[in-house]
Amino acid sequence: GWKINLNERKVEFILGQGERQIKLASDTTLDNNKHILAGQISKKTNGVVKLFVDNEEKTFTGDTDIFNSSPSVLSIGDDNSELNLYEIIIYNSALSEEEINSVRKYLARKHRIELK
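Conventions and cut-offs
- Residues numbered from 1 in each chain as written.
- Predicted model: local features only at pLDDT ≥ 70, side-chain atom pairs only at ≥ 80, totals over all residues.
- Heavy atoms only, no water.
- Helix = DSSP H or I, 4+ residues; strand = E, 2+ residues; numbered from the N terminus.
- Buried < 20%, exposed > 50% of the residue type's maximum accessible area, 1.4 Å probe, protein only.
- Contact = heavy atoms within 4.5 Å.
- Areas by Shrake-Rupley, 256 points an atom, 1.4 Å probe, with all protein chains shown as cover.
- Core = buried A, V, L, I, M, F, W, Y, C linked by side-chain atoms within 4.5 Å.
- Pairing = 2+ DSSP bridges.
- Expected span 1.5 Å × (residues − 1).
- Arc of directions from axis to C-beta.
- Polar contact = N/O pair within 3.5 Å; in protein donor to acceptor, adjacent residues only side chain to side chain.

It is worth spelling out the overall build of the chain at this point. In terms of regular secondary structure, the chain is built from one helix and seven strands. The order of helices and strands in the chain, counted from the N terminus, is β-β-β-β-β-β-β-α. When each of the 116 residues of the chain is scored for burial, the buried share is 32%. Across the chain, every contact between residues at least 6 apart in sequence was considered, and the portion connecting residues at least 24 apart equals 48%. Carbon together with sulfur atoms contributes 44% to the accessible area of the chain, which is approximately 8,100 Å² in total.

So, in structure tokens, the structure goes:
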């Protein structure tokens, strides 16, 4: 499964459990403004995992084993997270970099967020 957390005002994108867990954390401390968050898990590219926070990108390349565990469970936040979510878009297939950028730009325009 996978999880999105807010830990000390930084976004964490967590995949898997135990020894095979991957945690990508943003360097950016989030303020109370709206931000665009995107995660990408690619089955086709050898387990490349990406987290985007506005224009910041974090990448992990390696064996995530997330596609061998079913069903996948999505968890957003935990008891310590204070997340105000405006919109969640989940696709059933991986998007290309161009498609991800289009979605991020669409959400930025829609929610009046400036992508730096």
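Right, picking up where we left off after that structure.
Attention shifts here to the environment of Val11. Inspection of the secondary structure puts Val11 in strand E2 (residues 10–15). With relative accessibility at 6%, the residue Val11 sits in the buried group. Residues Val11 and Phe52 lie 41 residues apart in sequence; the distance between their C-alpha atoms is 9.6 Å.

What follows covers the nonpolar core. One finds Ile4, Leu6, Val11, Phe13, Leu15, Ile22, Leu24, Leu30, Val49, Leu51 and Val53 forming the largest nonpolar core, which totals eleven residues. Every element with two or more residues in this core is listed here: strand E1 (2–7), E2, strand E3 (22–25) and strand E5 (48–53). In terms of nonpolar packing, the next biggest core, distinct from the first, is built from nine residues, Ala38, Leu107, Ala108 and Ile113 among them.

Here the focus is the side chain of Lys50. Note on placement: Lys50 falls in strand E5. The class for Lys50 is buried, based on a relative accessible area of 14%. Residues contacting Lys50, with those up to four places away along its chain left out, are Phe13, Leu24, Ala38, Gly39, Gln40, Glu57, Lys58, Thr59 and Glu97.

Direction of pairing for E1 relative to E2: antiparallel, over a ladder of six bridges. Within E2, the residue paired with Ile4 across the bridge is Phe13. Linking E1 back to E2 in an antiparallel pair, the connection comprises two residues, with Glu8 at a positive phi of about 50°.

We now examine helix H1 (residues 97–110). Taking 1.5 Å per residue, 14 residues should reach 20 Å; H1 reaches 20 Å between its end C-alpha atoms and fits that length. For H1, every residue scored as buried is listed here: Ile100, Val103, Arg104, Leu107 and Ala108. The arc that holds the buried residues of H1, viewed along the axis, is 135°, so those residues lie on one side. Of the residues in H1, the exposed ones pointing more than 90 degrees away from the buried face are Glu98 and Arg109.

What follows covers the environment of Ser96. Along the polypeptide, Ser96 turns up in the loop between strand E7 (74–76) and H1. When the C-alpha positions of Ser96 and Gln40 are compared, they lie 9.4 Å apart, and in sequence the two are 56 residues distant.

This part covers the side chain of Glu12. Mapped onto the secondary structure, Glu12 falls in strand E2. Glu12 gets classed as buried once you look at its relative accessible area, which sits at 9%. At a separation of 3.0 Å, a polar atom in the side chain of Glu12 contacts the side chain of Asn7. Discounting residues that sit within four places of it in the chain, Glu12 has contacts with Lys3, Ile4, Asn5, Asn7, Lys23, Leu24 and Ala25.

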